[in-house]
Amino acid sequence: MVRDVLILFGMRARNLKWERGKYQMFEALGCHSCFKSQCASWRVHVSERLFTSPCHQKVSAGPRKQVCEVVLQHFDQQYSQELGQLWVVAREVLLQPHRWQYGIMLNRFCAPEDLRQRLCLQGFSSLVDRGSLQCFVHPARTRFPSQKHQPGWLKQYYLLNAASLLPVLALDVREGDRLLDMCSAPGGKALAVLQCVTPASLHCNELIFERQQWLSKTLESYVPPAVRNILTVSNLDGRTFGELQADTFDKVLVDAPCSNDRSWLFSAHPQQSAMRLGERTRLPEIQRDLLRSALAAVRPGGLVVYSTCTLSHAENGAVVQEVLSCCSNAELQNLEEMSCSLGHRFTFGPSSPFGLLVVPDHGRTWGPMFLSKLKRLY
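Residues numbered from 1 in each chain as written. Predicted model: local features only at pLDDT ≥ 70, side-chain atom pairs only at ≥ 80, totals over all residues. Heavy atoms only, no water.

Chemist: It is not clear to me how the overall build of the protein should be interpreted in this structure. Could you clarify?
Modeler: If you tally the helices and strands in the protein, you get 18 helices and 12 strands. Across the 378 residues of the protein, 57% fall into the buried class. Of the roughly 16,200 Å² of accessible surface on the protein, 51% is carried by carbon and sulfur atoms. (Helix = DSSP H or I, 4+ residues; strand = E, 2+ residues; numbered from the N terminus. Buried < 20%, exposed > 50% of the residue type's maximum accessible area, 1.4 Å probe, protein only. Areas by Shrake-Rupley, 256 points an atom, 1.4 Å probe, with all protein chains shown as cover.)

Chemist: Can you help me understand the sheet that holds strand E4 (residues 157-160) in this one?
Modeler: Picture the strands of a sheet paired through backbone hydrogen bonds; they go either parallel or antiparallel. Taken in spatial order, the 4 strands line up as E2-E3-E1-E4 in an open sheet, and their pairing is antiparallel. Since the sheet does not close on itself, it has two edges, and those belong to strand E2 (125-130) and E4, each with one partner. Neighbour-to-neighbour, the strand axes of the sheet open up by a mean angle of 25°, direction not taken into account. Inspection of the sheet shows strand E1 (residues 103-106) paired to strand E3 (residues 133-137) by 2 bridges, in the antiparallel sense. For methionine 105, the partnering residue across the bridge sits in E3 and is cysteine 135. Here helix H10 (residues 188-196) sits on the sheet in contact with E1, E2, E3 and E4, set at roughly 50° to E1. (Pairing = 2+ DSSP bridges. Axes fitted to C-alpha atoms, helices over the stretch in contact; angles between N-to-C directions. Contact = heavy atoms within 4.5 Å.)

Chemist: Would you mind going over the pattern of salt bridges with me for this structure?
Modeler: Pairs can form between side chains of opposite charge once their charged atoms are near each other. Scanning the model with the defined rule gives 16 salt bridges in all. In this structure, aspartate 114 and arginine 118 form a salt bridge, with 2.8 Å as the shortest nitrogen-oxygen distance. Residue aspartate 114 is classed as partly exposed on the basis of its relative accessible area of 27%. The exposure class assigned to arginine 118 is partly exposed, which follows from its relative accessible area of 22%. Where aspartate 250 meets arginine 178, a salt bridge forms, and the shortest distance between an N and an O atom there is 3.2 Å. Residue aspartate 250 is found in strand E8 (residues 249-255), and its partner arginine 178 is found in strand E5 (residues 178-181); the two are separated by 72 residues along the sequence. Accessibility expressed as a relative area gives 34% for arginine 178, which makes it partly exposed. The network of salt bridges with shared partners includes Asp237, Arg239, Asp289 and Arg292. (Salt bridge = Lys/Arg side-chain N within 4 Å of Asp/Glu carboxyl O.)

Chemist: It is not clear to me how the side chain of threonine 308 should be interpreted in this structure. Could you clarify?
Modeler: Note on placement: threonine 308 falls in strand E9 (residues 298-308). Threonine 308 gets classed as buried once you look at its relative accessible area, which sits at 0%. Among the polar contacts made by the side chain of threonine 308, one reaches the side chain of asparagine 316 at a distance of 2.5 Å. (Polar contact = N/O pair within 3.5 Å; in protein donor to acceptor, adjacent residues only side chain to side chain.)

Chemist: Please clarify how the nonpolar core should be interpreted in this entry.
Modeler: Note on soluble globular proteins: their nonpolar side chains tend to be buried together. By size, the foremost hydrophobic cluster in this structure holds 49 residues, and its most contacted members are Leu166 and Phe346. Sorting elements by how many residues they give to this core places H10 first, with 6 residues. With residues up to four places along the chain from it excluded, the contact list for leucine 166 reads Met338, Leu342, Phe346, Phe348, Val358 and Leu371. Judged by nonpolar contacts, the second largest core, of 45 residues, contains Leu72, Leu291, Val298 and Leu311. (Core = buried A, V, L, I, M, F, W, Y, C linked by side-chain atoms within 4.5 Å.)

Chemist: Just to check I follow, could you spell out the packing of aromatic side chains for this structure?
Modeler: Between two aromatic rings, the relevant description is the distance of the centres plus the angle of the planes. For the coordinates displayed, the defined rule picks out 6 aromatic pairs. Pairing tyrosine 158 with tyrosine 222 gives two aromatic rings, centres 5.5 Å apart and planes at 75°, and the pair type is edge-to-face. Here the residue tyrosine 158 occupies a position in strand E4, and tyrosine 222 occupies one in helix H11 (residues 209-222), the gap between them amounting to 64 residues. Looking at tyrosine 222, the relative accessible area reads 6%, which means it is buried. Considering the side-chain rings of tyrosine 306 and phenylalanine 370, the 6.4 Å spacing of their centres and the 70° angle between planes classify their relative orientation as edge-to-face. Here tyrosine 306 is found in strand E9, whereas its partner phenylalanine 370 is found in strand E12 (residues 369-376), with 64 residues between them in sequence. Ring pairs connect the aromatic residues Phe75, Tyr79 and Trp87, which therefore count as one cluster. In this structure, arginine 262 packs its charged tip against the face of tryptophan 100, placed 4.3 Å from the ring centre. (Phe/Tyr/Trp six-rings, centres within 6.5 Å; stacked < 30°, edge-to-face > 60°. Lys NZ or Arg CZ within 6 Å of the ring centre and 35° of its normal.)

Chemist: Would you take a moment to explain the packing of helix H6 (residues 69-83) against helix H7 (residues 85-94) for this structure?
Modeler: To describe two helices that pack against each other, one gives the angle between their axes and the distance between the axes. Here H6 crosses H7 at 145°, and the two axes come no closer than 7 Å. When H6 is examined against H7, the residues Leu72, Phe75, Asp76, Tyr79, Ser80 and Leu83 are found in contact with a partner set consisting of Gln85, Leu86, Trp87 and Arg91.

Chemist: Just to check I follow, could you spell out the side chain of histidine 203 for this structure?
Modeler: Position of histidine 203 among the secondary structure elements: in strand E6 (residues 201-205). Each residue touching histidine 203, except ones within four places of it in the same chain, is listed here: Leu179, Leu180, Asp181, Thr232, Ser234, Phe241, Gln245 and Phe249.

Chemist: What should I look at first to understand helix H17 (residues 317-326) in this one?
Modeler: Because an α-helix completes one turn every 3.6 residues, residues spaced three or four positions apart along the sequence face the same direction. All of the buried residues along H17 are Gly317, Val319, Val320 and Val323. Burial along H17 is one-sided: seen end-on, the buried residues are contained in an arc of 160°. Buried residues along H17 sit in contact with helix H16 (283-297), E9, strand E10 (330-332) and E12. (Arc of directions from axis to C-beta.)

Chemist: Can you help me understand the pairing of E6 in this one?
Modeler: For a regular strand, side chains alternate in direction, first toward one face of the sheet and then toward the other. The buried fraction of E6 is high, at 4 of 5 residues. Strand direction decides the pairing type here: E5 and E6, joined by 4 bridges, are parallel. Among the inter-strand pairings, arginine 178 is bridged to a residue of E6, identified as serine 201. Both E6 and strand E7 (residues 231-234) contribute to a ladder of 4 bridges, which runs parallel. Considered in E7, the bridge of leucine 202 is made with leucine 231.

Chemist: Is there a simple way to think about helix H15 (residues 270-279) in this case?
Modeler: Looking only at H15, the buried set comprises Ser273, Arg276 and Leu277. Buried positions in H15, seen along its axis, are confined to an arc of 95° and lie on one side of it. Residues of H15 that are exposed and point more than 90 degrees away from the buried face comprise Gln271 and Gly278.

Function cannot be read off these values alone, since they describe shape.
Have a look at this one:
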């Protein structure tokens, strides 16, 4: 049943069709031949073309995606009550995907040394500098080409919603940590972990087989063979980890399946959207089970970060609140320092004792993203 529900909802932040539909780097830059020849100057050639090509420009409006009115009406009713004026602005941003911004996370394993300088010259600025993690953002929406997966080659950067880095930063990963990324596909947060440090082990799990394949391809595209020996990729129900691997991990990330606001607004089939909305009330139960499983899988003294990409309180603070009420060995951790240090980059929602909510805003289109941090006491 859970597998069917997750397939129906299409899971979280980005769907596969949208990801595959991006501009591919070599098509955008017209440099197929330089790749096929695999010449020694490939990296330099591509790096130069990235910042001189007309494709790196402010994006024009382009064709509009079709808004699903059924979902929009549902969101209007719920979020106007939960967020008030913040929803008015977030609604405008979410309905204009041609204005969504993207962060550029550099791959420390292969990015050219001058790539950072070139980004800065083009108006990008560093969003965060945590260890070797480097992510750059631009004040305007820019069309930055996605790099195509090619066996044997590592990609130089990863495009992402910059808010998706916050759960990784909250996890505060250290060298030697044993980590579990319980709902890992498509793999962006696992990559962010590996950009910060090299943990002792990183277990990346994904329930849906097709998404697990996508996850594996992502890791292959960014992680060198010498580092892959610390990785484990599995296809398990995340709710089983609390029993199968109790007290095993130092830190666990639960980027839970949720009602993905960005993709749901542009659902292709109104009938499918109506089914999703009808089943939406079943998601918090799955999310609570995943969070409880994470708290059992982490060792005493370890940390768990719970995150979603929805604005819905029922899937965010309410989930954390209910789990805390039945898990006496879990303690909520304060994220105020993060909200203060990154308040100039992200717009945070109404103050909540259970976590931070990133709300899309004009000029800061990041989110939705909710995160909460818990510590297992015993």
